[in-house]
Amino acid sequence: MAATKASKEQKYDRQLRLWGDHGQETLENAHVCLINASATGTEILKNLVLPGIGAFTIVDGHTVSGEDVGNNFFLSNNSIGKNRAQAATELLQELNTDVSGNFVEESPDQLLDNDPEFFHRFTVVIGVHLPESTCLRLGSVLWRASVPFLVCKTYGLIGYMRLVMREHTVIESHPDNALEDLRLDQPFSEFTNHIQSYDLDNMNKKDHSHTPWIIVVAKYLEKWLNEHDDQPPKNYREKEAFRQFIREGMLKKDNGVPEDEENFEEAIKNVNTALNPTKIPSALDDLFNSEQCSSITSQSSSFWVMLRAVKEFVHNEGNGSLPVRGTIPDMFADSQKFINLQNVYREKAMEDAATVSRHVESLLQSVGKSPESIPEKDIKLFCKNAAFLRVVRCRSLAEEYSVDSVNRDEIASCMDSPDSHMVFYLMLRAVDRFYLQHSRYPGVYDYQVEEDISKLKLCVNSLLQEYSLNVNIKDDYIHEFCRNGAAEPHTVAAFLGGSAAQEAIKIISHQFVPFCNTFIYNAMSQTSATLHL
Amino acid sequence: MADVDEPEKKRSRVVELTENMMVDGGNGPVCEWSGRWNHIKKFLERSGPFTHPDFEPSKESLQFMLETCRILLIGAGGLGCELLKDLALSGFHNIHVVDMDTIDVSNLNRQFLFRPNDVGRPKADVAADFINSRVPGCRVVPHFKKIQDLDETFYRQFHIIVCGLDSVVARRWLNGMLLSLLVYEDGVLDQGSVIPLIDGGTEGFKGNARVILPGMTACIDCTLELYPPQVNFPMCTIASMPRLPEHCIEYVRILLWPNETPFGDGVALDGDDPNHIQWVYQRSLERAAEFNITGVTYRLTQGVVKRIIPAVASTNAVIAAACATEVFKLASSAYIPLNNYMVFNDVDGLYTYTFEAERKENCSACSQIPLDLHFAPSSKLQEVLHFLTESSSLQMKSPALTATVEGKNKTLYLQSVASIEQRTRPNLSKTLKELGLSDGQELAVADVTTPQTMLFRLCFTS
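Values in this document were obtained by computation on a predicted structure and should not be read as measured data.

What counts as what
- Residues numbered from 1 in each chain as written.
- Chains lettered and ligands numbered in written order.
- Predicted model: local features only at pLDDT ≥ 70, side-chain atom pairs only at ≥ 80, totals over all residues.
- Heavy atoms only, no water.
- Phe/Tyr/Trp six-rings, centres within 6.5 Å; stacked < 30°, edge-to-face > 60°.
- Lys NZ or Arg CZ within 6 Å of the ring centre and 35° of its normal.
- Helix = DSSP H or I, 4+ residues; strand = E, 2+ residues; numbered from the N terminus.
- Buried < 20%, exposed > 50% of the residue type's maximum accessible area, 1.4 Å probe, protein only.
- UniProt positions renumbered as here; feature names shortened; annotations may be inferred.
- Contact = heavy atoms within 4.5 Å.
- Arc of directions from axis to C-beta.
- Buried area = accessible area lost by both parts, 1.4 Å probe.
- Salt bridge = Lys/Arg side-chain N within 4 Å of Asp/Glu carboxyl O.
- Nonpolar A, V, L, I, M, F, W, Y, C, P; charged D, E, K, R; others polar.

*Asks:* Please set out the packing of aromatic side chains residue by residue, giving values where relevant.
*Replies:* Summed over all chains, the structure comprises 34 aromatic pairs over all chains. An aromatic cluster is built from A:Tyr155, A:Phe424, A:Tyr435, A:Tyr441, A:Tyr477, A:Phe481 and B:Phe50, whose rings are joined through pairwise contacts. One cation-aromatic arrangement involves A:Lys223 over A:Tyr220; the distance from NZ or CZ to the ring centre is 4.9 Å. The ring of A:Phe73 is capped by B:Arg134, whose NZ or CZ atom sits 5.0 Å from the centre of that ring.

Okay, here's the thing in structure tokens:
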């Protein structure tokens, strides 16, 4: 057992550095369903099997054709005529023995007819190349069961993904460029006390040059506030004056030339961001004001209970601010000064988290749940990430497809530019319509290409008419969508395979932020867009 | 087994049906089966509104790709495995792959052509074997070598080169190699000598794919500033003022290890040896404790020592796919190729940004203009060296300088051979005038970042 754990640590080392052991655990407890082991499907699954999801189940009623083997790495020509779910499972399973692979030799329609609750067991369901009717049926089952549904399609050089999820909460969004939480505009008392011990005007050279820039800025800010009626520097001119103020504080050599004080240079460079007012991000404010936060019940998830607790904190002990994050960036300073300063922030963060904890406890008690039901470490993690919390809601397919709730505005405004990625969404919808009418896709065989163009155009027009969409779709796109004959080129399937798999990992791990709600990839121009439909 | 005929019958019926449904049957080589290339043929044999202006639908394109087109793949790692699969399934059956590495257990989370049993074997060999057996008819030829071990006769034989490297230095070297293959007639570039280079790179959830036409579009060196600089902590921080756990680890790696040689004299720190890492880890903990620094872990220690870049299968899949699509476009003219740089990031939703990287007028690699070096005759040689390594547009690693002085070829400074380094070291503190260099003279510089010697012109300032 210990041996396997150690070798898993080694094998997964490169990804553990991204989502941690706790993230990996969520993957290993996940069971993913793939419907249709086409090239797109197996490519998606490959990128889930390799990082070690617990289990997968492929649902596919098709038999393997020669064409399938041609673009699919996980089908061999030996498997022509076999059930595709079974054939693909074998070659995907052998990628990673940690993963348990299963297959069901039925079409999703059959399962929906006989046993729709079959789909309830999955952490996420990925549907590839589903005809519209199947997609909508499955969508409604999964929506009711609150199982996230990722719809994927590769059509010629176009990739399409649609995420359907009621509500997805993210504590660890890991933003790329997060602002530091230094509180220089509203220093907490422990910080103010700490900097009392620094008298910049009366320090020896070594200490002066090794004082962390945060303290330098704080001290000069104190002086500035004294001299400016408690008004901090606000506009460019004032900030420039403030920077100059700090510069004048640098030690000078006997000849008047300033000493080399890297910490002071850092202070000057950081004035702009350091003076940013501490405030609650508007996205977080929206969450505070949402229904789920306002009415906490015994059904509320930990996320909402903790959020409510943080809100309580903000309105009470926090004086309008979030719990202190507790981290500071590295800066030029001697070890002791830096560590001491870092500890001031860390201890304040712990104190704030403990206060939030008390709010959590009373909330839990008020709905009859035990205070242990949300562990301390979860609350700490939540507080540390308070400024970066995200909630993603992707509306149902029923809403997207209904004439009453279709997002006409989004479609029309995108189509103001007739080459916008939105045109590919509309073409995919038209092609689905074609399939409904003709039980086949346009232009699959050479002789069909020419005559299908006008048939597809009729589908486009009926689509636009049904939804009262006053947009123009260039003939070129209709021609292209007949010409590509529903082909699924491997490289486009592989691009989508990587994209969709990572979205599934985000859904499973609740780390990083999933897209919402439609993603279009155009391999012709190597461009993409996210649409809200 | 009463059923043994059934699957046969079923299979031949499927084949028969498929053949009947196709307008053109097509006779392929022995390992072909009906319908194999259906997904690709549509883009080669049918005209369309978005094709390249040069595109002509033809049955010959597929044959060209299968039988004639030669692709060189550099790297059989995270991107390389994906690229091999993508290229093989896109109709490219003549692929050479170069990789100097052997397989490590930490590769297995994404380099899917390798299995636990393969650990220790050369990546190029194992990858080639896997593809050749999984994709009938594909002939991948492996080269367990450094790219520098191969010469221009090797590189010249390929139609397209695709890179999945993890080193900027290697990229620059390859870039330089392809530039050196360019033929100019009367100052005009012979386009036949241009070998397109498709380059992909990934790091965590970020990646990029670019198309380079050497001599025609922006090259690797034109956009050197796009590559993030390597994080190196200042020595004074490491030696006397650590603040972060990383500083403690670097202290052990850079200062303690050479001093204590814990595994024997001259035994270098091997990031792949768990015993070495364990030693560094323990000492780093001690160092951290001295300064009340928390956060040193085994994982962090290994990450710092090996300069580990986090990696997942998904990002590599995306970037490799984009690169392979470009190879397909270039080989077939099916669509207009990417012009010329795409950036990808899926930390928050999925984000791509596509733009045209511009050629730098005075690019040290591709502009053909000898670069001017401006120094006073009283400047020391050391300053010239410093410029060559620190300049953001040159970023050389350990340049070797030679010049013609009084009609004789003179090595001014060379680091890579100990005896020559010793002999030429005094030159570093001599002035350019003392070394006998004159205004306007050529300096030849060799470095790992370029396969050919670069020529600079010395311009004396007053």
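*Asks:* Can you tell me about unusual backbone geometry, naming the residues and giving the values?
*Replies:* Backbone torsion omega between A:Cys516 and A:Asn517 reads -5°, so that peptide bond is classified as cis. Mapped onto the elements, A:Asn517 comes out in the loop between helix 23 (490–509) and strand 8 (518–522). The omega angle of the peptide bond from B:Asn339 to B:Asn340 is -10°, so this bond is cis rather than trans. Mapped onto the fold, B:Asn340 is located in the loop between helix 12 (313–332) and strand 9 (341–345). Backbone geometry at A:Asn36 places phi at a positive 85°, although glycine is not the residue there. Structurally, A:Asn36 is set in the loop between strand 1 (31–35) and helix 3 (39–49). With a relative accessible area of 5%, A:Asn36 lands in the buried category.

*Asks:* I'd like a rundown of the UniProt feature "active site" (unreviewed entry) in chain B, residues and numbers included.
*Replies:* Under the UniProt annotation, "active site" (unreviewed entry) lies at B:Cys236. In this fold, B:Cys236 is placed in helix 8 (residues 235–240). Judged by relative accessible area, B:Cys236 falls into the partly exposed class, the value being 38%. The residues touching B:Cys236, leaving out its near neighbours within four places in the chain, are A:Phe332 and B:Met241.

*Asks:* Account for the UniProt feature "domain: E2 binding" (unreviewed entry) in chain B, naming residues and giving values.
*Replies:* UniProt tags residues 373–461 of chain B as "domain: E2 binding" (unreviewed entry). Across residues 373–461 of chain B, helical content stands at 19% and strand content at 36%; the span's end C-alpha atoms are separated by 10 Å.

*Asks:* Just give me the short version of helix 13 (residues 381–390) of chain B, but keep the residues and values in it.
*Replies:* All names here are of chain B. Of all the positions in helix 13, only Leu 381, Val 384, Leu 385 and Leu 388 are classed as buried. Buried positions in helix 13, seen along its axis, are confined to an arc of 100° and lie on one side of it. Along its buried surface, helix 13 packs onto strand 11 (371–375), strand 12 (400–405), strand 13 (408–413), strand 14 (442–447) and strand 15 (450–460).

*Asks:* How would you sum up the interface of chain B and chain A? Please name residues and give values.
*Replies:* Across the contact, 85 residues belong to chain B and 88 residues belong to chain A. Between chain B and chain A, the buried area comes to about 7500 Å², and carbon and sulfur atoms account for 58% of it. Across the chain B-chain A interface, the total number found is 10 salt bridges. Of the charged contacts, one joins B:Arg115 and A:Glu94 as a salt bridge, the two residues approaching to 2.6 Å between their closest N and O atoms. A total of 10 residues in the side of chain B that touches chain A trace back to one element, the largest contributor, which is helix 12 of chain B. Split by residue class, the side of chain B that touches chain A holds 42 nonpolar, 23 polar and 20 charged.

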